[in-house]
Amino acid sequence: MLKYEDCMPSKNSTITLSDEKISGQQLADGSNGRPQKVGFVSLGCPKNLVDSEVMMGLLARAGAELSPRAEDADVIVVNTCSFIESAQQESVNTILEMTGHKTSGRAKKLVVAGCLVERFRDEIRSRIPEVDAVVGTGELHNILAATGIAPAPAKAESPFVVLSSRAEGDARAAQGRFSRGQWDGAIADLPNYLYDDETPRILATPKSTAYIKIAEGCDHPCTFCIIPQLRGQFRSRRFESVVAEAERLARGGVREITLIGQDTTCYGEDFGLKDGLALLLEKLAGIEDLRWIRFLYAYPNKITGRLLETIASSEKICSYMDVPLQHASATVLKRMKRGGGSDVFLKSIAKMRRAIPELTLRTSFIVGFPGETEKEFEELCEFAREAQFDWMGTFAYSDQKGADAYGSDKKVSPREIERRRKHLMAIQRQISKKKKKSLVGQEFDLLLEGTSEETDLLLEGRTPMHAPEIDGKVFVNDFPEDAEPQPGEFYRCQITEAHDYDLVARIV
């Protein structure tokens, strides 16, 4: 159960839509002739952001005016995350903050969407009466009716419904992997939608970059995770649909595409496509106006030789691999139902680095998984020292009802989990500092993003080594006198300084 009484309104919520993204016909609300204004707050991962962009696209096509400011909106939509407890609490904090715009501001309706709805549908409605409607992860087309902008299309006519699945997913479904019976208020039907290239979508990212969701859902049995219950079985978008969307985005000025899904490396398996991700990358690399292509969330045992060869063979495909390993101890990984171990992973990493020159490798780990001993944690630390990752994230284990690990009686204390998290990140900080220092004097292509959030005196950008939003930053403090660097453009830069995670560069 969510602890609503412990939640304080968040001060960090942001409306993701910027003014220049707002477009489309406007629909009068029927009372005073002015258009309905809808404001969005999107929380969580890039996959959730794409869902927000789809909902904004549907609303704009129906005639709504999209507002970047919650205080100016007639209707506010909060798209929530429910992956771990801290994400759930941030979602609730944000909903409570947005209720203020309804009780004492301009807003007339408050809609909650996303993963939190799948997990706590009835509780949201009963515990936060200011919420007028909820929209689950598989009901995006219902955003029209939920906001009152227009009636929702009949489900049978919705372009979102898909029927493909993997044999692995069907087997896990039969074993109860996707069961939500113990969740009060969860509807019986799992989400089964996928947007396509004809679905309206308004980007909330900078004009030069965009995410494309190539698949949805997950079939893996990981005992720490409830994503399969929140998002349903794994299902891929059609090959031609992804390519068509990428081509349209490129025509609109997008130069960097990041492919996302709960597991991008399973792409195409549900309709019999072998090495589907490699084939898709090859096709996208042929789009003339695209400059950078990358993908996130690779499952360790799905990284094929063909995939590595494809990345290495194209300058447009960033030499960047994001492989969330979760742990390195074979015994912990067995309890997680992940498989593998430090020896297997080190061999795989060596293969990746041989195949892809100048590879940037990112991973993430969970510390404090139930039963994790000090010896198993030290094995993880030693693995991190040996593997020398370029980027690494560490998450404290989060107990989630519905995950198999929830019932374990071998929980690690929160204090010990936090100690281990800090210790592992201290190891990575030293690795990162050394790696970043080795880059000083080297030149790289730079995608300039604009003025730095740190200070107006610096510009900020990313190299192919930096995925959007999750990696360190490149601060630009010098450029030729006759140059006027523009956000969204590519420049050649030289690294002049290095810090623990960030770099300083000059445009040459």
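Residues numbered from 1 in each chain as written. Predicted model: local features only at pLDDT ≥ 70, side-chain atom pairs only at ≥ 80, totals over all residues. Heavy atoms only, no water.

(A) View of the overall build of the protein chain. Check the secondary structure of the protein chain and you find 13 helices and 18 strands. On C-alpha atoms alone, the protein chain measures out to a radius of gyration of 23 Å, which is about the 23 Å that the 2.2 N^0.38 rule sets for 508 residues. Each principal axis of the C-alpha atoms in the protein chain carries an extent, and together these give about 65 × 65 × 45 Å. The contacts of the protein chain with a sequence gap of at least 6 include a subset with a gap of at least 24, amounting to 75%. Just so you have it, the protein chain exposes about 21700 Å², and 49% of that area is on carbon and sulfur atoms. Once the 67 positive and 76 negative side-chain charges of the protein chain are each reduced to a mean point, those two points are 4 Å apart. (Helix = DSSP H or I, 4+ residues; strand = E, 2+ residues; numbered from the N terminus. Rg over C-alpha atoms; globule rule 2.2 N^0.38 Å. Contact = heavy atoms within 4.5 Å. Areas by Shrake-Rupley, 256 points an atom, 1.4 Å probe, with all protein chains shown as cover. Lys, Arg positive; Asp, Glu negative; His and termini not counted. Charge placed at Lys NZ, Arg CZ, Asp CG, Glu CD.)

(B) Focus on the packing of aromatic side chains. Applying the stated rule across the entire model yields seven aromatic pairs. Between Phe365 and Phe383 the ring centres are 6.2 Å apart and the planes differ by 80°, which places this aromatic pair in the edge-to-face class. Of the two residues, Phe365 sits in strand 12 (residues 360-367) while Phe383 sits in helix 12 (residues 374-387), which places them 18 residues apart along the sequence. For Phe383, a relative accessible area of 1% gives the class buried. Taken together, Phe345, Phe365, Phe383 and Phe389 form an aromatic cluster joined through their ring pairs. Positioned above the aromatic ring of Phe120, the side-chain terminus of Arg119 is 4.5 Å from the ring centre. One cation-aromatic arrangement involves Arg291 over Phe490; the distance from NZ or CZ to the ring centre is 4.4 Å. (Phe/Tyr/Trp six-rings, centres within 6.5 Å; stacked < 30°, edge-to-face > 60°. Buried < 20%, exposed > 50% of the residue type's maximum accessible area, 1.4 Å probe, protein only. Lys NZ or Arg CZ within 6 Å of the ring centre and 35° of its normal.)

(C) Structural context of the side chain of Lys47. Relative to the elements of secondary structure, Lys47 occurs in helix 1 (residues 46-62). Lacking a salt bridge, the buried Lys47 has Glu216 as its closest oppositely charged neighbour, with an N-O distance of 7.5 Å. Apart from the residues lying within four places of it in its own chain, the contact partners of Lys47 are Lys213, Ile260, Gly261, Gln262 and Tyr297. (Salt bridge = Lys/Arg side-chain N within 4 Å of Asp/Glu carboxyl O.)

(D) Examining the nonpolar core more closely. Core analysis: the largest hydrophobic core is formed by 116 residues, its most contacted members being Leu259 and Met321. Sorting elements by how many residues they give to this core places helix 1 first, with eight residues. Apart from residues lying up to four places away in sequence, Leu259 is in contact with Ile212, Ile214, Thr264, Leu277, Leu280, Leu281, Leu284, Arg294, Phe295 and Leu296. Counting residues in hydrophobic clusters, the runner-up holds 19 residues, among them Val112, Leu116, Ile124 and Val134. (Core = buried A, V, L, I, M, F, W, Y, C linked by side-chain atoms within 4.5 Å.)

(E) Broad picture of the sheet that holds strand 14 (residues 443-451). Strand order in the closed barrel made by the five strands is 14-15-16-18-17, with mixed pairing throughout. Taken pair by pair, the neighbouring strands of this sheet meet at an average axis angle of 55°, ignoring direction. Note: strand 17 (residues 490-498) against strand 18 (residues 503-507), five bridges, orientation antiparallel. Bridge pairing in strand 18 links Ile495 to Ala505. (Pairing = 2+ DSSP bridges. Axes fitted to C-alpha atoms, helices over the stretch in contact; angles between N-to-C directions.)

(F) Structural context of the pattern of salt bridges. Summed over the entire model, instances satisfying the criterion amount to 42 salt bridges. Notably, a salt bridge pairs Glu256 with Arg462, separated by 2.5 Å at the nearest N-O pair. Linking Glu256 in strand 9 (residues 256-260) with Arg462 in strand 15 (residues 459-462), this pair joins segments that are 206 residues apart in sequence. Overall, the relative accessible area of 0% leaves Glu256 in the buried class. You can call Arg462 buried: its relative accessible area is 3%. Connected through salt bridges with shared partners, the residues Arg166, Glu168, Arg172, Asp219, Glu269 and Lys302 form a single ionic network.

(G) Geometry of the sheet that holds strand 1 (residues 37-42). Spatially, the five strands line up as an open sheet ordered 2-1-3-4-5, and their pairing is parallel. In this open sheet, the two strands that pair with only one neighbour each are strand 2 (65-67) and strand 5 (133-135). Along the sheet, successive strands turn relative to each other by an average axial angle of 25°, direction set aside. Packed onto the sheet, helix 2 (residues 85-103) meets strand 1, strand 3 (75-80) and strand 4 (109-114) and runs at close to 180° relative to strand 3.

(H) Quick peek at unusual backbone geometry. Positive phi, close to 55°, is recorded for Asp275, a residue that is not glycine. Structurally, Asp275 is set in the loop between strand 9 and helix 8 (276-285). For Gln326, which is not a glycine, the phi torsion comes out positive at approximately 75°. Considering the arrangement of structural elements, one finds Gln326 in the loop between strand 11 (320-322) and helix 10 (330-335). Judged by its relative accessible area of 11%, Gln326 falls in the buried class.

(I) Main features of the packing of helix 9 (residues 305-313) against helix 11 (residues 342-355). Orientation of helix 9 relative to helix 11, taken along the N-to-C sense of each, is 35°, at an axis distance of 9 Å. When you trace helix 9 past helix 11, the crossing you get is right-handed. Taken together, the residues of helix 11 that come into contact with helix 9 (itself represented by Gly305, Leu308 and Ala312) are Lys351, Met352 and Ala355. The class makeup of the residues in the contact of helix 9 with helix 11 is four nonpolar, one polar and one charged. (Left-handed = near helix turned anticlockwise from the far one by under 90°. Nonpolar A, V, L, I, M, F, W, Y, C, P; charged D, E, K, R; others polar.)

(J) Quick peek at the pairing of strand 13 (residues 391-396). As judged from the six bridges shared by strand 12 and strand 13, these two strands associate in the parallel manner. Its bridge partner lying in strand 13, Thr363 is registered against Met392. Each parallel crossover has a hand, and for strand 12 linked through helix 12 to strand 13 it is right-handed. (Right-handed = clockwise from strand over helix to strand, strands pointing away.)

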